[in-house]
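Each chain, letter by letter, is given below.
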Amino acid sequence: MTGTAREGIDITRVLDAPREQVFAAWTTPEHFAAWYGGDADVPLDRVSMDVRPGGTWSLVIVVPGTEMPFHGVYREVVAPERLLFTLKDAGAPADIEGEIVTVTFAERGRKTTEMVFQQRGGNLTPEQYAAAEDGWEAFFDALVNRLAAV
């Protein structure tokens, strides 16, 4: 980067699945647990999703020797077009809202969806945003595999 502080993450993926299926992968506990966390284990009994504005979500990623909880609040849910929610992990200060995640889903044919992911908030260092982006890329690779298997 040329002298600009990194303030978030932007990822666009074109997925070989209908928009409704991609949206369901983000909003159904069984599907979300199957890809969020990449190769790590996300036990279904540790996933909670109340997918509506004001509803909460939470899950725990389990890797050998540690558990990583994540949680947030849905701010906007427009099925199957858009999700906007907050995201916090266990290390986030209690007095902040967390990162803001926006995901939009656009049809690019009957069986193809463009997913545009954006994370903002300014709560992470540039190095933490870079690491988080690597994590999301791995999660989205797992999402591609999940969509192919459904």
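Residues numbered from 1 in each chain as written. Predicted model: local features only at pLDDT ≥ 70, side-chain atom pairs only at ≥ 80, totals over all residues. Heavy atoms only, no water.

Draft legend 1. Quick look at the UniProt feature "domain: Activator of Hsp90 ATPase homologue 1/2-like C-terminal" (unreviewed entry) in the protein chain. Feature annotation in UniProt places "domain: Activator of Hsp90 ATPase homologue 1/2-like C-terminal" (unreviewed entry) on residues 16–147, given in this structure's numbering. When the span residues 16–147 is considered, its composition is 29% helix and 36% strand, and the gap between its end C-alpha atoms is 8 Å. (UniProt positions renumbered as here; feature names shortened; annotations may be inferred. Helix = DSSP H or I, 4+ residues; strand = E, 2+ residues; numbered from the N terminus.)

Draft legend 2. Seen up close, the pairing of strand β3 (residues 56–63). Across two bridges, strand β2 (residues 48–49) lies against β3 in antiparallel orientation. Paired with M49 across the strands is W57, a residue of β3. Between β2 and β3, which follow one another and run antiparallel, lie six residues, and G54 among them has a positive phi close to 90 degrees. Both β3 and strand β4 (residues 66–78) contribute to a ladder of eight bridges, which runs antiparallel. Bridge pairing links V63 to T66 in β4. In this structure, the hairpin formed by β3 and β4 is closed by a connection of two residues, where G65 is found at a positive phi of approximately 90 degrees. (Pairing = 2+ DSSP bridges.)

Draft legend 3. Empty space enclosed by the protein, seen in detail. In this structure the tally under the stated criterion is one cavity of 30 Å³ or more. Across the lining of the largest cavity, the residue classes break down as five nonpolar, no polar and no charged. (1 Å grid on protein atoms, 1.4 Å probe; cavity = no way out; pocket = protein on both sides within 12 Å on 5 of 7 lines; lining within 4 Å. Points joined across faces, edges and corners; volume = space filled by probe spheres on them. Nonpolar A, V, L, I, M, F, W, Y, C, P; charged D, E, K, R; others polar.)

Draft legend 4. A look at the packing of helix α1 (residues 19–27) against helix α3 (residues 126–149). The N-to-C vectors of α1 and α3 enclose an angle of 125 degrees; their axes lie 11 Å apart at closest approach. What the angle tells us is that α1 and α3 run oblique. Every pair of crossing elements has a handedness; the one defined by α1 and α3 is right-handed. Of α3, the residues touching α1 (which contributes Q21, V22, A25 and W26) are W136, F140, L143 and L147. When grouped by side-chain class, the residues that make up the contact of α1 with α3 number seven nonpolar, one polar and no charged. (Axes fitted to C-alpha atoms, helices over the stretch in contact; angles between N-to-C directions. Parallel < 35°, antiparallel > 145°, perpendicular 65-115°, else oblique. Left-handed = near helix turned anticlockwise from the far one by under 90°. Contact = heavy atoms within 4.5 Å.)

Draft legend 5. Just the nonpolar core, in detail. Counting residues in hydrophobic clusters, the biggest one holds 35 residues, and the most contacted among them are W26, W35, Y36, W57, W136 and F140. If you tally residues by element for this core, the top one is α3, at seven residues. Sequence-distant contacts of W136, defined by excluding residues within four places in its chain, comprise I9, I11, W26, W35, Y36, L87, F117 and Q119. (Core = buried A, V, L, I, M, F, W, Y, C linked by side-chain atoms within 4.5 Å. Buried < 20%, exposed > 50% of the residue type's maximum accessible area, 1.4 Å probe, protein only.)

Draft legend 6. Representation of α3 in the model. If you check α3, its first and last C-alpha atoms are 35 Å apart, about what 24 residues at 1.5 Å a residue would give, namely 34 Å. The set of residues buried in α3 consists of Y129, E133, W136, F139, F140, A142, L143 and L147. (Expected span 1.5 Å × (residues − 1).)

Draft legend 7. Quick peek at the layout of surface pockets. Space inside the largest pocket adds up to approximately 450 Å³. Along the wall of the largest pocket there are 20 residues; nearest its centre are F70, D89, Q119, L124 and A132. Mapped by element, the contributors of at least two residues to the lining of the largest pocket are β5 (82–89) and α3. Of the residues that constitute the lining of the largest pocket, the class distribution is 11 nonpolar, six polar and three charged.

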